[in-house]
Amino acid sequence: MAATTACGFVPVIDLSSKDTVQGRVAIPEAIDQACTNSGFFVIVGHGIPQDLIDRMFTVTKAFFQLPYEEKDRIAHRPGVSGYRRMGGTTALSLDQKTPPDLCEAFSAHVTGELSEEERKELGDQWATWTLANIWPAKPAGFRDVWQEYIGAVSDLAADLMCLFALALGLKEDFFDDKFDHHGSSVAANYYPPQLEPPLPGQLRRGPHTDFGSLTILYQEDDRGGLQVLQGKDNWRDVSAIPGSFVVNIGDLMALWTGGRWVSTMHRVINPEPGDTSSRVTIPFFYLPNHDATIEPLRPCAESPDTRQQFDTSVIAGQWMSRKLQKLFAGTA
């Protein structure tokens, strides 16, 4: 079986047979069904060593548990991408006004290791992928583990894009030249213990869709909170499965498919009153080249409204920049 059903809405897809003839047929079919229905699926058999995942989680959690004075030494600031005490207000990306998300964040980019001269070639728009990475001195080995993880999950994302192409009836290398200098990032989220009641409408992460092509998310096995919107008002829990990742497509992928695949609203809810546990999630955002032109594949979705909504082309970097400005600056 290439897929089973979890939560009645988000399927579990086993990638372990992806390099076989049978898997190259069954897995894309399962991906197409998932992306058409919810835009979300869970992957197992993905090939990333559990030891690397465990080390990534351990150093990331240890960093967030440091005192603010230590974390603020690598604070996000002009020219560098680092730690944010406030992880933004995700609902602003959809022009919904809510209190700030109850979240700290640390981010690093694939392009953040390039020289200043090379990063100047990544466009002049308001963009996080043009920034240099800044790394904490503690915990020991943080930078090495993060770079190893970014490399492994980048390879996994590239494999998924090949499967996406097959799912859409395309040659499996169709997307390759749109990601050969991608500006992808890992943006770890820390949801601290809630010792005081949240403000009205305030969540750990407010309702939002992701912006890019796909997201690969690690979440703790014993911590819940992620919910996906089914229909207009039915929020479905996405439970963590040991050894798995949650994958979802973003707005650019929905546009790329002409609305055939859906970029679905999701959020991270607060724990029950009295629950003072913290939570760490580690999303990897796989983004096209900043200068890639994203044009809807044909034919578009059947609905006339959907055809009109997605019958456009965008430059990936410009699209992402507008979304990020709303998220962090509250501007259009």
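Read on for an overview of the structure. Owing to the predicted nature of the structure, the values given are computational and were not obtained by experimental measurement. (Residues numbered from 1 in each chain as written. Predicted model: local features only at pLDDT ≥ 70, side-chain atom pairs only at ≥ 80, totals over all residues. Heavy atoms only, no water.)

## A short note on the pairing of strand β11 (residues 226-230)
By the criterion of burial, β11 is predominantly enclosed, with 4 of the 5 residues buried. Relative to strand β12 (residues 234-237), β11 is paired through 4 bridges, and the arrangement is antiparallel. Among the inter-strand pairings, Q227 is bridged to a residue of β12, identified as D237. Hairpin connection of β11 to β12: 3 residues between the antiparallel strands, including G231 at a positive phi of 75°. (Buried < 20%, exposed > 50% of the residue type's maximum accessible area, 1.4 Å probe, protein only. Helix = DSSP H or I, 4+ residues; strand = E, 2+ residues; numbered from the N terminus. Pairing = 2+ DSSP bridges.)

## Points about the side chain of H208
Positionally, H208 belongs in strand β9 (residues 205-208). What makes H208 buried here is its relative accessible area of 10%. Within polar-contact distance, the side chain of H208 engages the backbone oxygen of G206 at 2.7 Å. (Polar contact = N/O pair within 3.5 Å; in protein donor to acceptor, adjacent residues only side chain to side chain.)

## Concerning the sheet that holds strand β14 (residues 266-268)
Pairing between the strands of a sheet is mediated by backbone hydrogen bonds and can be parallel or antiparallel. Strand order across the open sheet formed by 4 strands is β9-β14-β11-β12, with antiparallel pairing between neighbours. Either end of the sheet is taken by a strand with one partner, and the two such strands are β9 and β12. When strand polarity is set aside, the average angle formed by the axes of neighbouring strands in this sheet is 25°. Bridge count for β9 against β14 is 2 bridges, and the pairing is antiparallel. Looking at β14, one finds that H208 is bridged to H266. (Axes fitted to C-alpha atoms, helices over the stretch in contact; angles between N-to-C directions.)

## Examining the packing of helix α1 (residues 23-37) against helix α5 (residues 142-167)
The N-to-C vectors of α1 and α5 enclose an angle of 85°; their axes lie 8 Å apart at closest approach. When the axes of α1 and α5 are compared, the pair comes out roughly perpendicular. Packed against α1, whose contacting residues are R24, I27, P28, I31 and D32, the element α5 presents C162, L163, F164, L166 and A167 at the interface. (Parallel < 35°, antiparallel > 145°, perpendicular 65-115°, else oblique. Contact = heavy atoms within 4.5 Å.)

By themselves, these figures tell us nothing about what the structure is for.
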